[in-house]
Amino acid sequence: MTRISTASLFETGVHTLQERQSELNKAQQQLTSGKRIHRLSDDPSDAARAERARAAEARAVADQRAIDASRAALSQVEGAYGDATELLQQARELIVAAGNTSYGPNERRAIAQQLNGIRAQLLQVVNRGDGAGGHLLGGQGAGGPPFVDAPGGVTYVAAPGSAQTASSESLPLTADGGAAYLAARSGNGVFETGAATSTGTAWIDAGRVTDPSQLTGLPYSVQFTVAGSTTTYSVLRNGAATALTNVPYVAGQAIQIDGMAFTVNGAPANGDNFTVVPSSADLSVFDTLDAVAAVLNNATANVGQINQAVANGLRDIDAGAAQLDSARAEAGAWLQRLDNVETRVGGQKLLAQEERSNAEDLDMVHAISDFQLKQTGYDAALRAYSQMQRLSLFNYLG
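Below: a short report on this structure. (Residues numbered from 1 in each chain as written. Predicted model: local features only at pLDDT ≥ 70, side-chain atom pairs only at ≥ 80, totals over all residues. Heavy atoms only, no water.)

**A short note on the side chain of Thr231**
Then step 1. Position of Thr231 among the secondary structure elements: in strand β7 (residues 230–237).
Then step 2. Note on Thr231: relative accessible area 18%, which makes it buried.
Then step 3. With near-sequence residues (within four places) excluded, Thr231 lies in contact with Phe224, Thr225, Val226, Val247, Pro248, Tyr249 and Pro268. (Helix = DSSP H or I, 4+ residues; strand = E, 2+ residues; numbered from the N terminus. Buried < 20%, exposed > 50% of the residue type's maximum accessible area, 1.4 Å probe, protein only. Contact = heavy atoms within 4.5 Å.)

Written as structure tokens, this is what we have:
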């Protein structure tokens, strides 16, 4: 038989009251915060689940910041490309005007000065900063402006490629300026024509491909011989004679060989030599402007040299503009891709928030019912304790 003392009854009653009060306080805290878990001991499994969801949400927030940074940079890059395209269009119009046969040295010199002004503006555009101490076209990084105007022409001193965000998905923060401005395909994209020696009034056009299957990829030269009133030409393939040897020259008539066709116009002088070489991916828009301006500034340049400079200038400006359009299109494609990435990251963030909510948020209906139940239990415990206090033997001794 167990003996229960009055002190033991009081101690048990107080302990029960403390438990009921603790449970009531916990339920009240949950109702106030709206959270079911405040410490790991509340529910270790769901607490870990909520922590994983919180980490996923933090990654999504970081990815969103990376998207915003990439979008801001690419928007500026696309704007710089647009400004450069407008400048190249202005240069093209000036080169067309330079071909006006009524212009004299003074007019051509004025056009050359305008081309030099456009070149200076273009150099500022390609070295445009990103507002954070870097450069929009700085590739993978450069200590200073990525384009340097050296004595031999404008060079790209930055590392090729682009800087990327440190996020779950690499996004560009810069663009490769060298690829956009200094790496267009020369000539017509397959072969490049030019004048090695031209003392007459002849010039050669950009040419075209007539049969890709016949292309050899070898260098050619067209050499002219003038004897009296007779002008002939011979085409050499890699220095060796071809079937086109001592062919009577007709101005404006296409010369066709090995899947290529090109036209020489004007009156060549004896010994004039025009070249046809494979195209290369090293055409610089700055070199194009420099070459045209140099001829226009030369007061002794003859008609053939001027026409050749205009023809080459238009060809190369168009090639440079096409390369720039490709770079601008790539920036636009990235901006569109960023929208898709942002949608995906937003979905991941929402999913993480839902997972975190499911793990730690409180079911308010159930919580209110539970709080009321615990409050009733606490009230009952208080009444029981008050009744128990009157059960002492001393209450019956008088």
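**A few points about the pairing of strand β12 (residues 273–278)**
Then step 1. As defined by bridge partners, strand β3 (residues 191–197) adjoins β12 across six bridges and the pair is classed as antiparallel. In the sheet register, Thr193 faces β12, and the bridge partner there is Val276.
Then step 2. Bridge count between strand β6 (residues 220–227) and β12: four bridges; the pairing is antiparallel. The partner of Gln223 across the bridge, within β12, is Asn273. (Pairing = 2+ DSSP bridges.)

**Concerning the packing of helix α3 (residues 105–126) against helix α5 (residues 285–297)**
Then step 1. With their axes 8 Å apart at the nearest point, α3 and α5 run at an angle of 160° to one another. One element, α3, and the other, α5, form an angle in the roughly antiparallel class. α3 and α5 meet at a crossing whose hand is left-handed. Residue-level contacts link Arg108, Arg109, Ile111, Ala112, Leu115, Asn116, Arg119, Leu122, Leu123 and Val126 of α3 to Val285, Phe286, Leu289, Asp290, Val292, Ala293, Leu296 and Asn297 of α5.
Then step 2. Its residues assigned to classes, the contact of α3 with α5 shows 12 nonpolar, two polar and four charged. (Axes fitted to C-alpha atoms, helices over the stretch in contact; angles between N-to-C directions. Parallel < 35°, antiparallel > 145°, perpendicular 65-115°, else oblique. Left-handed = near helix turned anticlockwise from the far one by under 90°. Nonpolar A, V, L, I, M, F, W, Y, C, P; charged D, E, K, R; others polar.)

**Considerations on the nonpolar core**
Then step 1. Ranked by size, the top nonpolar core spans 43 residues in total, and within it Tyr81, Leu115, Leu122, Leu137, Phe147, Tyr181 and Phe286 carry the most contacts.
Then step 2. Looking at this core, the elements that each hand over two or more residues are α2 (44–98), α3, β2 (153–156), α4 (177–181), α5 and α6 (303–360).
Then step 3. Looking at this core, the element that brings in the most residues is α2, giving 10 residues.
Then step 4. In contact with Leu137, not counting residues within four places along its chain, are Val77, Tyr81, Val126, Pro146, Phe147, Tyr156, Ala175, Gly177 and Tyr181.
Then step 5. Ala202, Val222, Tyr249 and Phe262 belong to the second largest nonpolar core, which has 16 residues in total. (Core = buried A, V, L, I, M, F, W, Y, C linked by side-chain atoms within 4.5 Å.)

**Section: the packing of aromatic side chains**
Then step 1. Considering all chains together, one arrives at seven aromatic pairs under this definition.
Then step 2. Ring geometry for Tyr81 against Tyr181: centres 6.2 Å apart, planes inclined by 45°, an arrangement best described as tilted. Separated by 100 residues along the polypeptide, Tyr81 in helix α2 and Tyr181 in helix α4 bring together distant segments of the chain.
Then step 3. Here Tyr181 falls in the buried class, since its relative accessible area comes to 2%.
Then step 4. Ring centres of Phe224 and Phe274 lie 5.8 Å apart, and the angle between their planes is 85°; on these two criteria the pair is classed as edge-to-face. Of this pair, Phe224 sits in strand β6 while Phe274 sits in strand β12; the two residues are 50 residues apart in sequence, bridging distant segments of the chain. The two residues Phe224 and Phe274 agree in class, both being buried.
Then step 5. The rings of Tyr81, Phe147, Tyr156, Tyr181 and Phe286 are connected pair by pair, giving a single aromatic cluster. (Phe/Tyr/Trp six-rings, centres within 6.5 Å; stacked < 30°, edge-to-face > 60°.)

**Brief notes about the side chain of Thr242**
Then step 1. Structurally, Thr242 can be placed in the loop between β8 (240–241) and β9 (247–248).
Then step 2. Looking at Thr242, the relative accessible area reads 12%, which means it is buried.
Then step 3. A distance of 2.6 Å separates a polar atom in the side chain of Thr242 from the backbone oxygen of Val235.
Then step 4. Not counting chain neighbours up to four residues away, the residues in contact with Thr242 comprise Val235, Leu236, Arg237 and Ile257. (Polar contact = N/O pair within 3.5 Å; in protein donor to acceptor, adjacent residues only side chain to side chain.)

**Quick notes on the pattern of salt bridges**
Then step 1. On inspection of all chains with the given rule, the structure shows 13 salt bridges.
Then step 2. The closest approach of N and O atoms between Arg71 and Asp68, which form a salt bridge, is 3.8 Å. Separated by three residues within a single helix, Arg71 and Asp68 lie in helix α2, roughly one turn from each other.
Then step 3. Overall, Asp68 belongs to the partly exposed group, its relative accessible area being 37%.
Then step 4. Of the charged contacts in the structure, one is a salt bridge between Asp258 and Arg237, with a shortest N-O distance of 2.8 Å. Of the two residues, Asp258 is situated in the loop between β10 (254–257) and β11 (260–265) and Arg237 in strand β7; the sequence distance between them amounts to 21 residues. (Salt bridge = Lys/Arg side-chain N within 4 Å of Asp/Glu carboxyl O.)

**Some remarks on α5**
Then step 1. Here α5 is 13 residues long and its end C-alpha atoms lie 18 Å apart, about the 18 Å a rise of 1.5 Å per residue gives.
Then step 2. Buried within α5 are the following residues: Val285, Phe286, Thr288, Leu289, Val292, Ala293 and Leu296. Buried residues in α5, looked at end-on, bunch into an arc of 160°, giving them a common side.
Then step 3. At the N-terminal end of α5, a side-chain oxygen is found 3.1 Å from the backbone nitrogen of Phe286, two or three residues along, and the residue is Ser284. (Expected span 1.5 Å × (residues − 1). Arc of directions from axis to C-beta.)

**Focus on a nonpolar patch on the surface**
Then step 1. A grouping of Val190, Val209 and Leu215 is seen on the molecular surface, where their side chains present a nonpolar patch of about 180 Å² in accessible area.
Then step 2. By the secondary structure assignment, Val209 is in strand β5 (residues 208–209). (Patch = residues over 30% accessible without salt bridge, like charges linked within 9 Å, V, L, I, M, F, W, Y side chains within 5 Å. Areas by Shrake-Rupley, 256 points an atom, 1.4 Å probe, with all protein chains shown as cover.)

**So, the pairing of β10**
Two faces make up the sheet, and in a regular strand the side chains alternate between them.
Then step 1. Burial of β10 is one-sided: the residues Ile255 and Ile257 facing one way are buried, the residues Ala254 and Gln256 facing the other way are not.
Then step 2. Across four bridges, the pairing between β10 and β11 is antiparallel. Looking across to β11, one finds that Ile257 is bridged to Met260.
Then step 3. Between the end of β10 and the start of β11, which pair antiparallel, lie two residues, with Asp258 showing a positive phi angle near 50°.

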